[in-house]
Every structure is written in structure tokens, then in C-alpha cells.
Amino acid sequence: MRIERNNLLVYILTFGVFGILNTEMGVIGILPLIADHFHVSISTAGLIVSLFALAVAVSGPILPSLFSGMNRKKVMLLVLGIFIVGNFVSAITSDFTVLMIARVVPAFFHPIYCSLAFTVAAASVSKDEASKAVSKVFIGVSAGMVLGVPVSSMIATATSLAYAMLFFAAINTVAFIATLLFVPSMPVANKPSYGTQLRVLRRSTIWLSIAAVVFMNGAVFGVYSYLAEYLKTVTHYNWNTISLMLFLYGAANIVGNMLAGKLLTNHALRMIKYYPFALGVVYILLFILGQFSVPMAFIILVWGVLGGIGGNITQYWIVSAAPEAPEFANGIFLTSANLGTTIGASVCGLFISGISTQYVVLGGILFLIFSIAAIYPRISITADWRYFNNAK
């Protein structure tokens, strides 16, 4: 019976994360409609994406720690409620400034929910099964990226922009009701002090972990950000095929999340050591075979699986460096991941503008080299093998 309750809890957390990520990423598919509706340029409309990510990066190390002593169920309901209100306001407003405020305010609370979701999922099972539970929550992240963009675009095209925003609100409402009805009260018995949480920043291992996450996320999302452009200009796919390939990547990402839990449980250290090299091989093949349509489909499939595994690796890498402050560590992870995505997209964009689209993979390889420079020193200086209690 306890196992069934824990499984239900993890599924609700996964759906809640899906709702949060759906709100964050879903607007990407309707940016042109937002620009037209509010009579702003597409670059101005893009602020609702970039400012959202910036708010997440800023609040990541701060708010999860501040809320870490409160009843976790109440905190999750609070965050979901804020997202519901934000999406509802976004649906009814005719003022672009109000839209930005309705987007940015919930974004500050994004790390609180996601951090709690990772922490609660890990705590709901035995220590040996923690990575598997977290990997299930990561499926919500991938699903938000895969389904949010096409579904919101389809709804907005078939009905209106308001209904697309209400779709985001509806998903969060379902998560709110499920949390209210089925998630038990979760008071925090032994909250680590703020001093204890901040003291983890004194460790060289945490800073090396942060650097590794920034570079690994930069390597993955720096290149992925331009995948559609790559498929258009290098592989010469038509737009329907490009959409299919983007969906294939996302579906493979979900598969990668499913595999990651088992792999991290049994072979954590080995996975981390060899991951940058595996992704590097994919990028080399992408550079060599990117112009060929059939090989490109297989490369995207493998790349998507590795992308899903990579998200789990980066979360594990930071949390394992600060096991006594999981909420704070997860907040740092979210900030590092968003920072890596931003820097990676910027640097890889320079390779495109400076050389050509095909050479975007060089930016990804550069970030992988930097990640190796952060991963291996942490391994070598970590004398306390509690950080690698799952390593084989």
C-alpha cells in the first residue's frame, strides 16, 4: 500500500512539473501570434521567454532555501495556484506589460516547485531507488518541452491565443486538484539551517559541480536551440519533416529519462565520466553526416536519448555534492541549468553567425571539453565516497 501511495505521489509530481514546464516552454510555439495580438515585434514578444528563464536563474539558489522549512504540500499548492492565476491573467489581458508581469512573477516560484518535486520524489523511496524516482519526474520536464510547443500552437491556431493560455492554466489546475486531494501533508521535521545550506558553497566540489552542469547543459541546449535551423539549412528537410524530427528528439528525450534512473542507480560514476565523450561522438557524426537525411534521423534519435540522460546526470551531480541541503542544491541545479542554456545558445549562435550553421556543433564540443575539465577534478578530489554511494 505504501509503495502504491509513493508511486501516485511521484506521478502527481511528474504531472505538476509538466504543468510548470508547459507554461514556460509552451509559449515558444505561439510567439508570432503573441506578437500580432499585442502589436509588438517578435523580438519583444520573445521577452516573455527570456525574462522567464532569467527569473528562474535568479530565484533558483534563494527561494527553494527560504521555503524549505514550510509544509511541502502547502508550498506546492501555493506555487501551482500562482501559476494558475498567472496563466488566467495572461489569457484575459490585452496589455503586453501585464502579460510580462503575469509570466515573470510565477517564474520566480518555478524553482521552488521543481526543487521540491525532485527532493520529495527522492525521499519517497529508498536511497537505492532515489535516482529512478527523480528520473520519472524528469519525464515531466521532457513532456513539457515536447508537448507544450505543438499543443499550444494547435490550440491557438484552431481557436484563439486566450484558449492556449487557458490550456496552460487547465494543466496547472489539474495538478493543483490532484495535489490537494491525494498528496499527504508533508511537514518538514528537520529543516537544515540557512547557515548549513549556505556552507555547502564553501566546498570546491559544489563549484566544480556547478561548472560541470553549466557546461554540460550549454553543450546540449546550445546546439539543440538551433536544431530546426540546422535541419532546414544543412539537412534540407521541409517544415513538416522538421516538426517530426523535433518530436522525435523529444520522444527520445523521454526514453533517455526512463533509462537514466536505472543507469544512475547502478553505474552513476561511470555514466558521468563517459557521458561527455558519448555526446561528443554524436556531435562529430552530426557534423559529418548532417547533410544526409536518413542518417540524420538516427543521429537525432540517439542525441535525444543522451539529452534525457544528461538532464538526470546534471541534477544528480549537484545534489550528490550537497546531500544535507537537497532543496538548496536543487535550486542551484535549476539556476546552473538555465545559465548553461543561455550561455550555450549565445556561444553556439556566434559559431553560426561567424562561420555557418553546420559549425554550431563546434560550440557544443567546446562546452563538452570544458565540462570534462570540471568533472574529472571533482572526481579526483572527492575523498569522501559518500558522494558516489551508487557508483559501481
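These figures come from a predicted structure and were not determined experimentally.

Novice: Got a minute to help me understand the confidence of the model for the protein chain in this structure?
Specialist: As a note on interpretation, predicted positions should not be read in detail where pLDDT is low. Per-residue pLDDT for the protein chain has a mean of 82; in total, 91% of the residues score no lower than 70. Ranking the elements of the protein chain by mean pLDDT puts helix α10 (residues 194–199) last with 67 and helix α6 (residues 72–92) first with 93. Contacts from residues 383–392, a stretch scored under 50 in pLDDT, to residues over four places away or in other chains number 29 contacts.

Novice: Can you help me understand the side chain of His 110 in this one?
Specialist: Structurally, the position occupied by His 110 is in helix α7 (residues 96–123). You can call His 110 buried: its relative accessible area is 3%. Residues within four places of His 110 in sequence aside, it is in contact with Ile 20, Leu 21, Glu 24, Phe 52, Val 56 and Phe 83.

Novice: What exactly am I supposed to notice about the nonpolar core here?
Specialist: Within the largest apolar cluster, 55 residues are counted, with the highest numbers of intra-cluster contacts made by Leu 13 and Tyr 113. Per element, the largest residue contribution to this core is eleven residues, and it comes from α7. Those residues in contact with Leu 13 that sit more than four places away from it in its chain are Met 76, Tyr 113, Ala 117, Val 120, Ala 121 and Val 137. Met 216, Leu 269, Tyr 283 and Leu 286 belong to the second-largest nonpolar core, a separate cluster that totals 44 residues.

Novice: Help me understand unusual backbone geometry in this model?
Specialist: Most of the time, phi is negative for any residue but glycine, and the peptide bond is trans. One non-glycine residue, His 39, adopts positive backbone phi at about 60°. Tracing the backbone shows His 39 in the loop between α2 (31–38) and α3 (42–45). A positive phi angle, near 65°, is found at His 236, a position not held by glycine. In this fold, His 236 is placed in the loop between α12 (227–233) and α13 (239–289).

The rules behind these values
- Residues numbered from 1 in each chain as written.
- Predicted model: local features only at pLDDT ≥ 70, side-chain atom pairs only at ≥ 80, totals over all residues.
- Heavy atoms only, no water.
- pLDDT = per-residue confidence, 0-100.
- Helix = DSSP H or I, 4+ residues; strand = E, 2+ residues; numbered from the N terminus.
- Contact = heavy atoms within 4.5 Å.
- Buried < 20%, exposed > 50% of the residue type's maximum accessible area, 1.4 Å probe, protein only.
- Core = buried A, V, L, I, M, F, W, Y, C linked by side-chain atoms within 4.5 Å.

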